[in-house]
Structure formats: structure tokens, C-alpha cells
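Residue-level structural notes
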Amino acid sequence: MQVEIEKIRAKKPSVLLLRKAARLIRRGAVIVCPTDTGYALAANALDIRAIIKVFNLKGRAYSNPMHIAVNSLEMAGRYARITPEAEHLAHSFLPGALTLVLTRKESIPPLLVAGRNTVGIRIPDNRVILDLATIADLPITATSANASGQPTPYSVPEVMKLLGEAVEQVALILDQGIIPSRSLSTIVDLTVSPPQLLRQGLVSWLEIRQVLRALHDPGSAQA
Amino acid sequence: MLVLGIDTSGYANAIGVVDGERVLADFTFQTRNESLARIMLNIDSVLGENSLSLEDIGGFGVGLGPGSWTGIRIGVTVGKMLAYCTGRPAKGISTLEALAFGAGDCQRLICAVVDAGARETIYAAFYRGGNNGLRQVGDYYVGDVAGLAGLVKEPLTLVAADAQKYRNALGQVLKSDNIEAMEAAPGGAAVASLAATRLQNGEHDDTLALAPLYLKESTARAFVNKYKRRAQASASG
Amino acid sequence: MLVLGIETSCDETSAALVADGRAVLSNIIANQLDLHRKYGGVVPEIAARRHTELIGYVINEALDAGGKSLPDVEAVAVTARQGLVGSLLVGVAAAKTLSYALRVPLVGVHHIEGHIFANLLSNPEMPLPHVCLTVSGGHTWLVYVRDHCRYDLLGGTVDDAAGEAFDKIAKFLDLGFPGGPVIDRLATEGNRKAFAFPRPLLKAKSLYFSFSGLKTAIINAFKHRLASGEQLPLEDIAASFQEAVVDVLVAKTVRAAKEHGVSAVSVTGGVSANRRLREAFVAAGNSAGIRVYFPSLSLCTDNAAMIAAAGHARLKRGYADDLSLDVIPNVPLEVQHAG
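Fair warning: this is a prediction, and the values are worked out from it, not measured in the lab.

Another point: the overall build of chain B. Secondary structure summary: chain B contains 7 helices and 10 strands in total. Along the three orthogonal principal directions, the C-alpha set of chain B runs to about 55 × 50 × 30 Å. Considering chain B as a whole, with its 237 residues, one finds that 51% of them fall into the buried category. Sequence separation of at least 24 residues holds for 67% of the intrachain contacts in chain B that already meet a minimum separation of 6.

All right, on to the overall build of chain A then. The helix and strand inventory of chain A stands at 7 helices and 11 strands. Rg of the C-alpha trace for chain A: 17 Å, near the compact-globule value of 17 Å for 223 residues, within the 12% margin. Seen through its C-alpha atoms, chain A measures out along the principal axes to roughly 60 × 35 × 30 Å. Burial status across chain A gives 50% buried among its 223 residues. Of the contacts made within chain A by residues no fewer than 6 positions apart, 66% connect residues no fewer than 24 positions apart.

What follows covers the interface of chain B and chain A. Across the boundary between the two partners, chain B contributes 13 residues, which contact 13 residues of chain A. Listed by contribution, the elements that provide at least two residues to the side of chain B that touches chain A are β3 (22–30), β10 (179–183) and α6 (188–200) of chain B. Take the side of chain B that touches chain A: its biggest share by element is 4 residues, from β3(B).

Below, the discussion takes up the domain arrangement of chain B. Residue and element names in this part refer to chain B. Segmentation of chain B into domains returns domain 1 (2–94 + 186–217) and domain 2 (103–183). Using C-alpha coordinates to define each centre, domain 1 is positioned 24 Å away from domain 2. Each side of the interface is counted separately: domain 1 has 7 residues, and domain 2 has 7 residues. Within the side of domain 1 that touches domain 2, the residues separate by chemical class into 2 nonpolar, 4 polar and 1 charged.

Residue and element names in this part refer to chain B. For strand β6 (residues 109–115), a buried count of 5 out of 7 residues is recorded, marking the element as mostly surrounded by other parts of the structure. In the sheet, β6 pairs with strand β9 (residues 156–160) via 4 bridges, with the strands oriented parallel. Bridge pairing in β9 links cysteine 111 to leucine 158. Relative to strand β7 (residues 122–128), β6 runs antiparallel, the two being bridged by 6 bridges. Paired with alanine 112 across the bridge in β7 is alanine 125.

Looking now at the sheet that holds strand β9 (residues 264–268) of chain C. For sheets, the rule is that strands pair by backbone hydrogen bonds, running either parallel or antiparallel. Residues and elements named next belong to chain C. As summarised here, the arrangement of the 5 strands in space is β8-β7-β6-β9-β10, forming an open sheet in which the pairing is mixed. The outermost strands of the open sheet, each flanked by one partner alone, are β8 (150–156) and β10 (291–293). Geometrically, the sheet is characterised by an average inter-axis angle of 25° between neighbouring strands, direction not taken into account. In terms of strand pairing, strand β6 (residues 130–135) meets β9 through 4 bridges, oriented parallel. The partner of leucine 133 across the bridge, within β9, is valine 267. Sheet strands in contact with helix α8 (residues 234–259) are β6, β7 (140–147), β8 and β9, and its direction is about 155° off that of β6. Strands β9 and β10 of the sheet are contacted by helix α9 (residues 275–288), whose axis makes an angle of about 155° with β10.

Looking now at the interface of chain C and chain B. The partner chain B presents 28 residues to the 30 residues of chain C that form the contact. Mapped onto the side of chain C that touches chain B, the elements with two or more residues apiece are α2 (44–65) and α3 (85–102) of chain C. Here the element with the most residues in the side of chain C that touches chain B is α3(C); it accounts for 12 residues. A class-by-class count of the residues in the side of chain C that touches chain B yields 19 nonpolar, 7 polar and 4 charged.

All names here are of chain A. One open sheet accounts for 5 strands, arranged β1-β9-β2-β3-β8; its pairing is mixed. Looking at strand neighbours, the two that pair on one side only are β1 (5–7) and β8 (143–144), the edges of this open sheet. By the bridge criterion, 2 bridges tie strand β3 (residues 38–42) to β8 in an arrangement that is antiparallel. Bridging across to β8, leucine 41 finds its partner in threonine 143. Against the sheet, helix α5 (residues 127–136) contacts β2 (31–35), β3 and β9 (172–175), and its axis sits at roughly 125° relative to β2. Against the sheet, helix α6 (residues 156–163) touches β1, β2, β3 and β9, its axis set at about 150° to β9.

Turning our attention to the nonpolar core. The biggest cluster of nonpolar side chains holds 263 residues, and the ones touching the most others in it are A:Ile25, A:Ile31, A:Leu132, A:Ile140, B:Ala112 and B:Val159. It is α8(C) that provides the largest number of residues to this core, a total of 13 residues.

Turning next to the packing of α2(C) against α3(C). All names here are of chain C. One can describe the packing of α2 onto α3 by two numbers: an axis separation of 8 Å at closest approach and a directional angle of 25°. What the angle tells us is that α2 and α3 run roughly parallel. Crossing of α2 over α3 shows right-handed handedness. Residue-level contacts link Pro44, Glu45, Ala47, Ala48, His51, Thr52, Ile55 and Ile59 of α2 to Gly86, Ser87, Val90, Gly91 and Ala94 of α3. In terms of residue class, the contact of α2 with α3 is built from 7 nonpolar, 5 polar and 1 charged.

The subject of this paragraph is the arrangement of the chains. Inter-chain contacts occur across 2 pairs of chains; the most extensive set of contacts lies between chains B and C. No interface is formed between chain A and chain C, the nearest pair of C-alpha atoms being 19 Å apart.

Residue and element names in this part refer to chain B. With 18 residues, helix α2 (residues 69–86) should reach 26 Å at 1.5 Å per residue; the first-to-last C-alpha distance of 26 Å fits that figure. Of all the 18 residues making up α2, 16 are buried; the element is thus mostly covered by neighbouring parts of the structure. Positive backbone phi, approximately 75°, marks glycine 87, located one or two places after α2.

Confidence along chain B averages 90 in pLDDT terms, with 91% of residues attaining 70 or more. Listed scores for the predicted complex are pTM 0.89 and ipTM 0.91.

About the thresholds
Residues numbered from 1 in each chain as written. Chains lettered and ligands numbered in written order. Predicted model: local features only at pLDDT ≥ 70, side-chain atom pairs only at ≥ 80, totals over all residues. Helix = DSSP H or I, 4+ residues; strand = E, 2+ residues; numbered from the N terminus. Buried ≥ 20, exposed ≤ 12 C-beta atoms within 10 Å, placed from the backbone. Contact = placed C-beta atoms within 7 Å. Rg over C-alpha atoms; globule rule 2.2 N^0.38 Å. Domains from an automatic or database assignment. Nonpolar A, V, L, I, M, F, W, Y, C, P; charged D, E, K, R; others polar. Pairing = 2+ DSSP bridges. Axes fitted to C-alpha atoms, helices over the stretch in contact; angles between N-to-C directions. Core = buried A, V, L, I, M, F, W, Y, C linked by C-beta atoms within 7 Å. Parallel < 35°, antiparallel > 145°, perpendicular 65-115°, else oblique. Left-handed = near helix turned anticlockwise from the far one by under 90°. Expected span 1.5 Å × (residues − 1). pLDDT = per-residue confidence, 0-100.

In C-alpha cells form, the structure reads like this:
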């Protein structure tokens, strides 16, 4: 069975195509979607069956939590507790390649996050996934479109190569071409004090720290 | 003082600019095997995006490694020549310290680790953060992960590109899970910040003498032995 | 135009100032023989480390010795093609930074082109076109030099470079490294007709060379006697070996010149310092009505002045590189000049 691949524009993605993708997601399907840090497996992060499909597709251990992509901090507020730090960082760096780990709300299934009481929130700097989250009005899983442990794909041919036969379980691939950045997102845990860098990606930790310091000590650094 | 920091010890161009304590730019270009081809353009791009020119830079921070020696030599040579051409001072900074810099706010002991690229060998160093900046604890370490475990006497934050991998390996040897992992690569702004503090205290290096931080003489010998074996193999052909 | 030249393609770190492509104001060469001698050959990682240590000093010294300072530099030329990759990249990294900081043009040069210019620099009256033999520890090439920056590769070694053969024979006879100078010296005391070593490919129509057969023949002829502790006639072996190499180099170069109708030949590279080679070339040239040119001794081995001169010529013809200049360790001279 040939998986369906549809070309989609990065700047003004086709609303018809996005609606089709949103329908699939609402029905529990898994699709491949571009983000600012590579191609992702996108599914309804509130739907247990869809979550299980993603874990199986990747061969990912359930002890490895997944992050979610939303279109704004307001939307994120439905699924996580937004702190002043999160607001400040979102103001400075989002949409962007920064994942904020925050305390999750009841709406997020524990299965998604390995039973933890935290969830990683992304607001990617990519029109396609942002609009998809808006139209579907759902948080979207934001995990790379590969088998667990493999490198991140930045083009559809790479996705096909990495997923292999498992690609048959994908309902649709949105092809935006080559994603130029070839970087991962920076992951910061805002549920601990002081906030902790978990992974250095595209957004600079030193710049993040600087913004956080300005929050607690407005007299210091000026932007 | 505006300080430009560069580190090319991973397969990347890490470039940053600080103004005293303030970070103006911090960007890592993933260059893989194009590190030499892209370094000047990347430096120019970082300066340009912040409306700066080379003339505005008051000092240079240069990542000395350890790491990929081929890569490090690019950054050291570029840093040295930038300082030489502008007549501004330069300060070499160990890549391990630059790695640890991001974890400086931690209460725990910090362990920075860099892969040596050969036979399970790693380079590592321990640091303690605090109000007065980072302080190195003990000597540099060159060896395998098991040996590093022998030096660990307290809960750690481990900073490395493959932090999870080392955390798991260390955890196995130590039978402990009290090790936090921070996945990071040395950043340009970290190098710049560390250099800025020292340059502001009048502490700078002899520009033309800047050289990579080769940690052990044995690493050079290892190259010679490998080269000899290869040469012998091809000579008999 | 004042050009700062940089050369770090193998184990010599060099910087030089050349004015208008012909006046050498300074030519600073720091060789690493002491480092590699004990290993019997160049160890790439060690060479690269040494280049990094020395590059700043040689550049500074080249300016000082040339009586100039950084603002006087109008262009930077650097060996970017052909050589050890770890060594080349130090020179190119330095050159790019200089070009960027001083805001002057940058030009990458092929190492062999540098050697061709060593002779043009030493002998500005050399006619064009001519045939050039570059022969060193790392290279043996026959090039038809049509004009500056216009070359046709005629032939080269299919195995060892001529200088490499000297090094290997010297190593076999336990004479140390490098082999050229010591064999040259010993040979003056020896009888070059004592042994009739093979002259591989000498009669073959092609302009290609081969030296590993000669090396093997000598090793096979003497290894048992050497192993049994016998005192070998080193002077005679050196002289006869050298003669075999010289015969082939001279014969093919003169043939190439005749085939291409040129009356001038240039011999460059480290081995061109060899006395017997020079003597044989001049004699053969006289018989054939061909004038043979050699660079001055300081320009025979790897040096930055030849690179500066080559760079100057390239810039004059509109070739320049941008800041994305990268190193290419193995590329034929011809290919990179296409177009």
C-alpha cells in the first residue's frame, strides 16, 4: 500500500489540505508533518489509541515521554500550568525550537508522558503544524518521524528510509520539502528551581538564562 | 567589552558574542565536514545579524578543546589570527569548561564530558558552580567511563553531547541513578563569557602562542602508532 | 601588489611577502624535520599540530623580515589544493581570517602550481610555453606550462614519488630521514656504474614514471647481505641508485620537451636540489638544444614565496576565492584549472 504524500507550502499552507489532515487526526490516525526541527509523527495527543499507534510505530519505550505541539501559550494553558517563567520565555523565543517542560493538567493522558506529572510543550516555528493544531483544535504529538534511536529526518525521503515498512501505518505525509535547520529543540525543565537545561538545541541556553534572570531581577540585564 | 567566542571542537561552528555579562548572540552552526569552509561566513553572519563589525570586538575567546583535534585547529587558528589582525587580546578557554558553564547554576558537582573519538576514550573534568563562577575540581581526566566512575564521590550533573549515554553507563558502574544529564555542546557565548571575565581582569594569552589543549602526550603517541601500522601495511603492498 | 603567501601543505610551515609577483621581500620556512625524523617519515597528526603552533609566528616573522606590517598586505595567497588535509587546513584557516580581517582578496593555490612558479620566480626570463618537471618527496609530475595558470598534465609517477624512493632506500640502508641529501652526498664518493639497477618504464612511450620497482630491486639485491651484517658498498649503491632515478627523470623530461616543441625545461621541487640531477639535466639539455632552468635552492623545497607568486598570477588573471575556500587534498593540477 502506497502511503499518501501531499506537497504542502511552508508559507501559506493549503487550508483544504490542513482540514483533511485535521480530520484524520481527529479520527485517531497518525500523519507525518513538518516542524521547525524536522519531520514529526503527528497524532491526537489526547487520544489513547492514537498515542499507542505512535509508540508502536517508533518502537519507543513507554518510559520515554513525548512532547506536544500547540499553536499558542493560551492553548498550552489547557494542558499545562503556565508559570511566569514560561510566559517570559514564550514571549522571547516562541514560536521557536524551545520545549518547555511544565506541570501537566488532568487533560493530558499519563500514557503520553510516562506517567510523570510534567509535559513538554512546543510552539514550533512552522506554519503547517501551527495551523494544523488550530484547525484540529487539539494538541499534536511532536515526536520525530523515525524509529526510536534513529537520527531525525529533515526531508520526506529520509522519513521513508527511516520508517521503512512502518510507513504503511501513516495515513498521510505532508511534504514541505527539505527542512533547513537540521537542529533539535532546546528542552528546559521549568518545574524545578532553578530551571534546568535538559538538552541544548537551537535556542541558546545562555540567552534563556538571561531572560529568566531579568524576570527575577529586573534591575539587571536590559534587552 | 564586547567579546567574540568561538569553538569548533565538535563538528560545528559555535559562535557567540557577549557584552560584559550580557549575551548578545549565541549560535551553533551544524557544519559537519564543512567547518573550515563555513567558519568565516558564519562569524560574519553572527556579527552582521547583531549589527556589529569586527572593529567593535574588544577581545576574543577561543575554544581550545579537547575534542576533535582537526576541528579545534580551525577555531584556534582563526581565533589567533583574528586577535593578531585586530590587535585585541585573546584568551583560550577549555571546551570542557565551556560545556560546564551552562550548568553553572547547579548546586551539584558538574562533570563535563567530551568524546575522544577513539576506543571508548573520553575527556572529562569536574567543576563546581557558585557566585564567583566555575571552579575546576581536580585534574583533567582521559580514559574510559569506568575509570571516570572511580572519581565520582557525590551526586553529579553530567554535561555532554551524549549525556544520556554516559549517564546510563556511569549509573551502571556506580549502581546509582543520582546523576542528572544535560545534553549540550560547547557554546560560543559560553566561551565568550568565560573569556570576558578573564580579559576584564587583564588576564590574556600570548596570541601567537595559542594552541589546542592536548591533554596527554600519549594521545600524540597513539596517532604515531596508528600511522606506523598503516604505513607498514601499505609498504608491504 | 604586495601578496602574503602561506604554505602548509606538508611538513613545512611557511609565510612570505612577494611584491608584484617577482620581488621576494621575505620567505620564512620552519621545517619540522626534527619532529618527523625519528619516525622515518611525516606523521600527519604531528605535522598538523606543529603547523598550528608555528603559523602565527611565521606570518609575523614574514612581515617583520620584509619590513612591512599588516595594513601593507594587499592580497593573501595560500596553498589550498594538494597535500595533507590536516596540514593544509591550518594555512587556509589563517589565510581566510587574514583576508576577512584585512578586507583583502584571497586566492587558493595548487601546491604543484606553486612549484612551477618557484622557477618563474627565480628565473623571470623563463620562456613560455615550457615543460616543467616537479620532483619531490611527495610528488613527481611532468607538466606542459602553456602560460601562467594554463597547464596540461603530461605524466607523473604511478607509484612512489622520486623523493620518496630516496627516502625509502635511505631507510633501508639505515641512513636516516630524509634520504635525498645523504644519498646525494654519499653518491659523490661512489661509482654510478657499479650496479646496473633497472630503469622502470624508461623505454615505454608514455611520460609516466615508476620508482617502486627500482626500490624493490635494490631491497631484494641487498637485504640478505644486510641481514647477515655485511658491510655494503654504500657509496656505490647510492651513486648507482641515484643514476637510475636521474636517467629516467632526464630522459622523459627531454622527450616531453621535444614532443611539444619547446626549448626550455624547468626542474623544481625538493629533488631538483640534487647535484647529479642538475648535472645530468644540463648535459642532456646541451645535447638537445634545450635550456634547463632550476630555482634557487631556497625555492626548491616547499615555501610560501612560490605560493605568493602563483597567487599573484592567478589574481592578475581574475581568479580569486571567496571566504568559503576549502581544502582539497588530492586533485590533479589540470582539473582545477578548467574554465
